[in-house]
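Examining the three-dimensional arrangement
Given next are the chains, with one letter for each unit.
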Amino acid sequence: MQKQIQDVAAVQKQQQKQLQKAQGYDVVITYLTAPKRWWLYTLILLIVVVMLSWSGTTVKFKGMTSKGSEIAAGIWNGLVHPDMNLLINTTTEGVPYQLLQTVAIAVLGTLIGGILAIPFSFLACDKVVPKGIAFIFNVFILLIRTIPSLVWALVWIRVTGPNAFCGVVTQSICSIGMICKMYITAIEDIDTRILESLDASGCNGFQKVRYGILPQIIPNFISTVIYRFDINVKDATTLGIVGAGGIGAALIQCITSSRWSMVGSYLFGMIVLMIIIELFSTQVRKKLARG
Amino acid sequence: MKQQSFAGRLTVNLLLMAFGILCLWVSMGGATAVVLSVLTVLSLLWAMRTKQMRLANGKTITQPGSRSLLIAMTLVDVVLASAVVTGFDFSVIMRRGNQFFVILEQIFSPDVFDIHFVIDPEGKHAYFLGMDTGIKATLQVFADGFGYMPKVITPLLDTIKMSILGSFVGATLALPFAVIASNNINRSKTVMWAERIILMVIRTLPTLVIAKFAALIFGLGTFAGTVAITVFTFGVVAKMMYESIETIDMGAFEAMESFGSTKFQSFWSACMPQILPTYLSYCLYALEMNIRAAAILGYVGAGGLGLLIDERIGWRDYRGLGTVLLALFVVVLIIEQLSQYLRRKLS
């Protein structure tokens, strides 16, 4: 009896195997015999859990402050009922002028940063210069990127004094880091075969740069600068906190003195400006990408 | 390529010109503005001029004028206007630029391995290298020798913890909202646009302002910073995610729906495997950004390194500031390398 059952089972197994092969069950078999990665996933999960619980040790919710709910209500009220006088005021206190200054800082900062970044990015690209030099400049760029913009602003304030000019200089330096990173990618993507064919047709150095290199990198460079402009406008709104011009100074003053309707109007202006600039930058970059 | 009509070109060019001239008159006025305005109008005329060309087959075509001069002129207007508004003055940098290097020099000689030799109070420094007092002296050098570094460690860890927790919570919250905001899964246009506008508004709020609000509401400390980072991460990751959800292959999703599985089931089985690598890569990218962003949040009282940065600058202790920045640099370098390695693996 026992043997019979075993026989039947063996026959069934064989039949099944044939059937699987015949009907293309290979996929299922491959799936079942695929290397099991569960230990890897468990490990990742474990690392995430450990990291989170470690982080949770310091970050503790201690409830709201005694005035917390009052302040939250104030912020909400201010956003819903912004100070209309301030919104249409044309003096230097008013929202329009502050926004204008913020954008002006970003325009100049991005432009100067974009120009300063060109030599750095060529020097940090290991396709152009030897690996050692490229490495040194890469570290230098990372150094610029790591120092927060507020620190740059505080350093430059010693030179320029607390005004919008300080914001311009700060952003020119800060922008170099990110712009360089994206320029380098653009330079690495240059198709060098075009240069060879220009060489073959007898072009001189200047012509090679003008017709072989510039058409390939200029759209990328402009797109990068516009993207950075988008970021810089946002950044310029906070530079004012340390006194480097822009809307931030007025905003923080109003927040600390709890004038919520003024806070509301500054925030309202900022939100509208930033949305307009984001839409503009997305549109232009889309056009540049299409050529 | 489709050619733009005459009216279309005129409108775009007029808008460009008007924008340039508006910038000039808002910021300066006077003779300079008049001259530049005239030049801008002339460049508009230059851009509108057309060229007739006769092809070999006898057909006549008109080539539209190049817009580059007009764009350049508008850019000049905008830049000059910005220079006036911000009070751009290069001579200030020439005159006082050395001040910058004075501070920079101090920042780049950080207070890390600054060894203060301790002279024995009993005048036994002759025994400095001797066996018995030597050990004590060396230990003392170590205790003093790390300068400002030991005081940096706790806030640095706080910064890292804040960004890890904030990135995790923000990125986790972002996923369902990204699904709602993507137009290929969510069929309700109203909900989608409401969601997108909210996301856009959240992204426009600077992290420091959110941190300031959070510090006022939840009290000073790391919790406020975590809230700010969570909000920031949420906005950024949700936007990047809904853009990439819109590009996935919907075939499997539709097939599963036709079998009768619910929307969630089909999304989980058909779309999740497609977006998971991108999602994880965005999370790591957000973490990278957040470490740098979290470092300055302390400036408005939200915990972390920013407190020290504020304090060191207030005391004009630029060497201490250099130490703080060096610690930050090392951490950012490590985390960036790690995350870039993982992201390469994911793609």
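Procedures and definitions
Residues numbered from 1 in each chain as written. Chains lettered and ligands numbered in written order. Predicted model: local features only at pLDDT ≥ 70, side-chain atom pairs only at ≥ 80, totals over all residues. Helix = DSSP H or I, 4+ residues; strand = E, 2+ residues; numbered from the N terminus. Buried ≥ 20, exposed ≤ 12 C-beta atoms within 10 Å, placed from the backbone. Contact = placed C-beta atoms within 7 Å. Nonpolar A, V, L, I, M, F, W, Y, C, P; charged D, E, K, R; others polar. Pairing = 2+ DSSP bridges. Domains from an automatic or database assignment. Core = buried A, V, L, I, M, F, W, Y, C linked by C-beta atoms within 7 Å. Arc of directions from axis to C-beta. Axes fitted to C-alpha atoms, helices over the stretch in contact; angles between N-to-C directions. Parallel < 35°, antiparallel > 145°, perpendicular 65-115°, else oblique. Left-handed = near helix turned anticlockwise from the far one by under 90°. Expected span 1.5 Å × (residues − 1). Bend = angle between axes of the 7 residues up to and from the residue.

Some thoughts on the overall build of chain B
What chain B contains, in helices and strands, is 13 helices and two strands. Per-residue burial over chain B gives 38% buried out of 347 residues. Across chain B, every contact between residues at least 6 apart in sequence was considered, and the portion connecting residues at least 24 apart equals 70%.

A closer look at the interface of chain B and chain A
On the side of chain A, 54 residues touch chain B, which itself brings 51 residues to the contact. Here the side of chain B that touches chain A takes eight residues from helix H4 (residues 90-107) of chain B, the largest share from any one element. Split by residue class, the side of chain B that touches chain A holds 36 nonpolar, nine polar and six charged.

Observations concerning the pairing of strand S1 (residues 51-54) of chain B
Regular strands place side chains that alternate from one sheet face to the opposite one. Residue and element names in this part refer to chain B. Bridge count between S1 and strand S2 (residues 60-63): four bridges; the pairing is antiparallel. Considered in S2, the bridge of arginine 54 is made with threonine 60. Joining the antiparallel neighbours S1 and S2 is a turn of five residues, in which glycine 58 adopts a positive phi near 90°.

A few points about the domain arrangement of chain A
Split into domains, chain A comes out as domain 1 (2-55) and domain 2 (74-290). Taking only C-alpha atoms, the centre of domain 1 of chain A and the centre of domain 2 of chain A are 53 Å apart.

A word on the environment of serine 27 of chain B
Residues and elements named next belong to chain B. Relative to the assigned elements, serine 27 resides in helix H1 (residues 6-27). In sequence terms serine 27 and alanine 81 are 54 residues apart; their C-alpha atoms lie 5.5 Å from each other. Beyond its immediate chain neighbours, meaning those up to four positions away, serine 27 contacts Ala81, Val84 and Val85.

Concerning unusual backbone geometry
Backbone geometry at serine 258 of chain A places phi at a positive 55°, although glycine is not the residue there. Checked against the element boundaries, serine 258 of chain A lands in the loop between helix H12 (248-256) and helix H13 (260-290).

A few points about the nonpolar core
Ala153 of chain A together with Ala211, Ala214, Ala228, Val237 and Ala238 of chain B are the most contacted members of the largest nonpolar core, which totals 143 residues. Of the residues forming this core, the biggest block, 15 residues, is contributed by helix H11 (residues 263-297) of chain B. For alanine 238 of chain B, the contacting residues outside a window of four places in its chain are Ala174, Phe177, Ala178, Ala181 and Leu199 of chain B. Core analysis: the second largest hydrophobic core is formed by six residues, Leu16, Met17, Leu44 and Met73 of chain B among them.

Quick look at H12 of chain A
Buried within H12 of chain A are the following residues: Gly248, Leu251, Ile252, Cys254 and Ile255 of chain A. Projected down its long axis, H12 of chain A shows its buried positions confined to an angular sector of 160°, all on one face. Buried residues belonging to H12 of chain A abut helix H11 (205-239) and H13 of chain A together with helix H8 (207-218) of chain B. Following H12 of chain A by one or two positions, serine 258 of chain A has its phi on the positive side, about 55°.

Focus: the packing of H8 of chain B against helix H9 (residues 222-245) of chain B
Residue and element names in this part refer to chain B. Their axes nearest at 8 Å, the elements H8 and H9 cross at an angle of 140°. In terms of orientation, H8 lies oblique with respect to H9. Of the two possible hands of crossing, H8 and H9 adopt the one that is right-handed. Residue-level inspection shows Thr207, Ile210, Ala211, Ala214, Ala215 and Phe218 of H8 in contact with H9, the latter providing Phe223, Ala224, Gly225, Val227, Ala228, Val231 and Phe232.

Looking at helix H6 (residues 95-123) of chain A
One turn of the α-helix equals 3.6 residues, which is why residues spaced by three or four share an orientation. Its 29 residues place the ends of H6 of chain A 42 Å apart at the C-alpha level, agreeing with the 42 Å of an ideal helix rising 1.5 Å per residue. Of all the bends found along H6 of chain A, the most pronounced is centred on alanine 117 of chain A and spans about 30°, while proline 119 of chain A, a proline, follows it within four residues.

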